[in-house]
Amino acid sequence: DTGVSQDPRHKITKRGQNVTFRCDPISEHNRLYWYRQTLGQGPEFLTYFQNEAQLEKSRLLSDRFSAERPKGSFSTLEIQRTEQGDSAMYLCASIPRAQNTEAFFGQGTRLTVV
Amino acid sequence: KQEVTQIPAALSVPEGENLVLNCSFTDSAIYNLQWFRQDPGKGLTSLLLIQSSQREQTSGRLNASLDKSSGRSTLYIAASQPGDSATYLCAVTGTASKLTFGTGTRLQVTL
């Protein structure tokens, strides 16, 4: 257990529905990252927060995706009007304030769009 | 744009063998390099972190080296065990602590 929690672990949804995932980072970590991993590939960066501020979004993050981190604690990632191409593992990572330290990953949320 | 390559993509070895996994990256401007383990359907577990100023790190049966100037890292696993079977991912840290991952090496250790 890395101390980073993600919920739910698995989600099956019909195409066109909205889904929301939650990530609870290690409490003293001020930076939180979302990554997406498709089968047979390494994770790819989506977005990150420093405290409550969303500082960067990847071009992978289309307009249907939105992420929040209210009060700099937990974060949510919402996907609107899901498409089959959104099927992937969504991973959350947190990093402490200190520079050049390791990233701690959650167990991920496996999304399947049918 | 940073690109990370891992070779081989898959590896099967008998129990007890020593093995080496390779990772290469195109941009040497990195802050550190991490090796992760991923079991099927699970998240990532950090194994070793090597700072850009370091040459190697060791943890138990694992030893990772880094040659930043040539853009290479290796993960050495000694005396492999069936429990080592997993996918091993290499990632380099760039600006804003964002990680760029390779596609991983899928390792199977057989009895």
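To keep things clear, this report deals only with the structure shown in the data block. (Residues numbered from 1 in each chain as written. Chains lettered and ligands numbered in written order. Predicted model: local features only at pLDDT ≥ 70, side-chain atom pairs only at ≥ 80, totals over all residues. Heavy atoms only, no water.)

Below, the discussion takes up the interface of chain A and chain B. Every contact between the two is made by 23 residues of chain A and, on the other side, 20 residues of chain B. In this assembly, chain A and chain B are joined by one salt bridge. Of the charged contacts, one joins E56 of chain A and K98 of chain B as a salt bridge, the two residues approaching to 2.4 Å between their closest N and O atoms. Connecting chain A to chain B are eight residue pairs in polar contact (both at pLDDT 80 or more). Taken together, the elements giving at least two residues each to the side of chain A that touches chain B come down to β4 (31–37), β5 (44–50) and β9 (88–95) of chain A. The biggest single contributor to the side of chain A that touches chain B is β4 of chain A, with four residues. For the side of chain A that touches chain B, the class distribution of residues is 10 nonpolar, nine polar and four charged. (Contact = heavy atoms within 4.5 Å. Salt bridge = Lys/Arg side-chain N within 4 Å of Asp/Glu carboxyl O. Polar contact = N/O pair within 3.5 Å; in protein donor to acceptor, adjacent residues only side chain to side chain. Helix = DSSP H or I, 4+ residues; strand = E, 2+ residues; numbered from the N terminus. Nonpolar A, V, L, I, M, F, W, Y, C, P; charged D, E, K, R; others polar.)

Within a sheet, neighbouring strands are paired by backbone hydrogen bonds and run either parallel or antiparallel to one another. All names here are of chain B. Strand order in this open sheet of five strands is β1-β3-β8-β7-β6, and the pairing throughout is antiparallel. Both edges of this open sheet fall to β1 (4–7) and β6 (56–59), since each of them pairs with a single strand only. When strand polarity is set aside, the average angle formed by the axes of neighbouring strands in this sheet is 15°. Pairing of β6 with strand β7 (residues 62–67), which is carried by four bridges, proceeds in the antiparallel orientation. Looking across to β7, one finds that S59 is bridged to L62. (Pairing = 2+ DSSP bridges. Axes fitted to C-alpha atoms, helices over the stretch in contact; angles between N-to-C directions.)

Another aspect to go through is the layout of surface pockets. As a volume, the largest pocket reaches approximately 850 Å³. Those elements giving two or more residues to the lining of the largest pocket turn out to be β5 and β6 (53–57) of chain A together with β9 (86–93) and β10 (99–101) of chain B. The greatest single-element share of the lining of the largest pocket, amounting to three residues, is contributed by β10 of chain B. Counted by class, the lining of the largest pocket contains 10 nonpolar, 11 polar and eight charged residues. In this structure, the second largest pocket spans a volume of roughly 450 Å³. Lining of the second largest pocket is provided by 22 residues; of these, Q37, L39 and G40 of chain A together with Q38 and T87 of chain B occupy positions nearest its centre. Mapped by element, the contributors of at least two residues to the lining of the second largest pocket are β9 and β11 (105–110) of chain B. Its residues assigned to classes, the lining of the second largest pocket shows seven nonpolar, 11 polar and four charged. (1 Å grid on protein atoms, 1.4 Å probe; cavity = no way out; pocket = protein on both sides within 12 Å on 5 of 7 lines; lining within 4 Å. Points joined across faces, edges and corners; volume = space filled by probe spheres on them.)

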